[in-house]
Amino acid sequence: MELRQLSYFKIIAETENFSVAARRLNISQPYLSHTVRTLEEEFGISLFDRIGRRIRLNANGRILYRYAVRMLQLEREATEELQSAKNSPVRTLKLAMLNTTKLFPELIAKFCEEYPQIKFSITRFTSMEEIPDGCDLIIHTSDSLASSSNSFRLFEEECLLGMSPDHFLAKEAFITRDMLENATFLMLPPENTLGELTRQFFRQMKLTPPVSMQCDNQQTLAAFVEAGMGIAFFPSITWKIPDQGIILRKVQNHTLKRNIYLTVSDSVPSDSILAFQKFITENTRHPEEF
């Protein structure tokens, strides 16, 4: 069964007259009769009742007609959508994105499958000063940037204490504030939003822990924590954390959280930007599932 045969059958079914259908389709009447016989032989049923020289759609024919209408409609819709995609200009979105995140690359890949006409130019950053000018979209954790721009909070994530399995606090199910006084920390620089959040967290607890090293990025921080050089805070959702090399613990009665935002630079966003905003917002409602 071919779509061409179904299109011919549909016209024959609607006219119930081979001569009228042949004139409408500009095809010979014997060819249309052959098309119907081919369909009937394929299904092993009759599709029309023959009454003298007239034909009338029977129960079997009505079933096939119903599906033929749907299948031909789907063909038209697919053709129109593919033609629209072919004629749509390729749009490149400039996206600045948090460095070392396990969540967004997968989501962007899914978005590109859904919107193949939209491409990305992506810049990674660890501090807000690294964000280049002219970005259409920014995925970040800065409360100040979010409050002063067209931003959307995607989700909130808790930051947990990360340590090597051999660290003296690793055997504790929960870490208390007093335990932290004897721990050595590794820190990100204050211009890093997590670095500043960590410092604020210590100030709120009236704690000044010893800092053995300040690391310039998340990868370096994780590597030294895994090597047993100290402990540090790790975002629980967006960071890639070694399964065996680093153990995560909560601080009892104290919680360090950060917000993940999407900032849209244009005051009048394009359709491509709005499509990405809608997609990311809908797909980060339950980030813990990733």
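Residues numbered from 1 in each chain as written. Predicted model: local features only at pLDDT ≥ 70, side-chain atom pairs only at ≥ 80, totals over all residues. Heavy atoms only, no water.

Visitor: Run through the environment of Ala13, naming residues and quoting values.
Guide: Tracing the chain through its elements places Ala13 in helix 1 (residues 3–15). Not counting residues within four places of it along the chain, the set of residues in contact with Ala13 comprises Phe48, Leu57 and Tyr65. (Helix = DSSP H or I, 4+ residues; strand = E, 2+ residues; numbered from the N terminus. Contact = heavy atoms within 4.5 Å.)

Visitor: With reference to specific residues and values, describe the nonpolar core.
Guide: Nonpolar side chains in soluble globular proteins generally cluster together in the buried interior. Of all hydrophobic cores here, the largest spans 31 residues; its most connected members are Leu161, Leu180, Phe185, Phe202, Ile231, Phe233 and Phe234. Every element with two or more residues in this core is listed here: strand 6 (151–163), strand 8 (185–187), helix 8 (193–204), helix 9 (218–226) and strand 10 (232–235). With 4 residues, helix 8 is the largest single contributor of residues to this core. What Phe233 contacts, discounting residues up to four positions off in sequence, is Cys159, Leu160, Leu161, Phe185, Leu194, Thr198, Phe201, Phe202, Leu221, Trp239, Val251 and Leu256. Counting 29 residues, the second-largest nonpolar core is a separate cluster that includes Ala96, Ile118, Phe120 and Phe279. (Core = buried A, V, L, I, M, F, W, Y, C linked by side-chain atoms within 4.5 Å. Buried < 20%, exposed > 50% of the residue type's maximum accessible area, 1.4 Å probe, protein only.)

Visitor: Tell me what's going on with helix 9, and back it up with residues and numbers.
Guide: All buried positions along helix 9 are accounted for by Gln218, Leu221, Ala222 and Val225. The buried residues of helix 9 occupy one face: seen down the axis, they fall within an arc of 95°. Along its buried surface, helix 9 packs onto strand 6, strand 8 and strand 10. Its side-chain oxygen placed 3.1 Å from the backbone nitrogen of Gln219, Asn217 serves as the N-cap of helix 9. One or two residues past the end of helix 9 sits Gly228, with phi positive at roughly 85°. (Arc of directions from axis to C-beta. Polar contact = N/O pair within 3.5 Å; in protein donor to acceptor, adjacent residues only side chain to side chain.)

Visitor: Got a sec to walk through the side chain of Gln5? Specific residues and values, please.
Guide: Turning to its location among the elements, Gln5 is positioned in helix 1. By relative accessible area, which is 10% here, Gln5 ends up buried. Excluding residues that lie within four positions of it along the chain, Gln5 makes contacts with Thr35, Thr38 and Leu39.

Visitor: Explain the pattern of salt bridges residue by residue, including any values.
Guide: Taken as a whole and judged by the stated rule, the model has 13 salt bridges. Linking Glu14 and Lys10 is a salt bridge whose minimum nitrogen-to-oxygen distance equals 2.8 Å. With Glu14 and Lys10 both in helix 1 and 4 residues apart, this pair spans about one turn of that helix. On the basis of relative accessibility, which here comes to 38%, the residue Glu14 falls in the partly exposed class. By relative accessible area, Lys10 is classed as buried at 19%. As a salt-bridge pair, Lys110 and Glu106 come within 3.7 Å of each other at their nearest N and O atoms. Of this pair, Lys110 and Glu106 both sit in helix 5 (residues 104–114), 4 residues apart, which is roughly one turn of the helix. Of the residues examined, Lys110 reaches a relative accessible area of 39% and is grouped as partly exposed. Residues participating in the shared-partner salt-bridge network are Arg177, Asp178 and Glu181. (Salt bridge = Lys/Arg side-chain N within 4 Å of Asp/Glu carboxyl O.)

Visitor: Run through the pairing of strand 11 (residues 247–251), naming residues and quoting values.
Guide: Two strands pair when backbone bridges link them, and strand 6 and strand 11 are joined in this way by 3 bridges, in the antiparallel orientation. Bridge pairing in strand 11 places Leu161 opposite Arg249. (Pairing = 2+ DSSP bridges.)

Visitor: Outline the packing of aromatic side chains, listing residues and values.
Guide: In this structure the tally under the stated criterion is 14 aromatic pairs. Taken together, a centroid distance of 5.2 Å and an interplanar angle of 90° make the contact between Phe111 and Phe276 edge-to-face. With Phe111 in helix 5 and Phe276 in helix 10 (residues 271–283), this pair connects stretches of sequence that are 165 residues apart. Note on accessibility: Phe111 and Phe276 belong to one class, buried. Among the aromatic side chains, those forming a connected cluster through ring pairs are Phe111, Tyr115, Phe120, Phe276 and Phe279. (Phe/Tyr/Trp six-rings, centres within 6.5 Å; stacked < 30°, edge-to-face > 60°.)

Visitor: Which residues make up the environment of Arg62, and what are the values?
Guide: Assignment of secondary structure puts Arg62 in helix 4 (residues 59–87). The spatial distance from the C-alpha of Arg62 to the C-alpha of Tyr115 is 38 Å, given a sequence separation of 53 residues.

Visitor: Describe the packing of helix 5 against helix 10, and please don't skip the residues or the numbers.
Guide: Direction vectors running N to C along helix 5 and helix 10 enclose 130°, while the axes themselves pass 11 Å from each other. By the angle between their directions, the pair helix 5 and helix 10 is classed as oblique. Handedness of the crossing formed by helix 5 with helix 10: right-handed. Contacts from Phe104, Leu107, Ile108, Lys110, Phe111 and Glu114 in helix 5 reach Ser272, Ala275, Phe276, Phe279, Ile280 and Asn283 in helix 10. For the contact of helix 5 with helix 10, the per-class residue count stands at 8 nonpolar, 2 polar and 2 charged. (Axes fitted to C-alpha atoms, helices over the stretch in contact; angles between N-to-C directions. Parallel < 35°, antiparallel > 145°, perpendicular 65-115°, else oblique. Left-handed = near helix turned anticlockwise from the far one by under 90°. Nonpolar A, V, L, I, M, F, W, Y, C, P; charged D, E, K, R; others polar.)

Any functional reading would require information beyond the geometric quantities listed.
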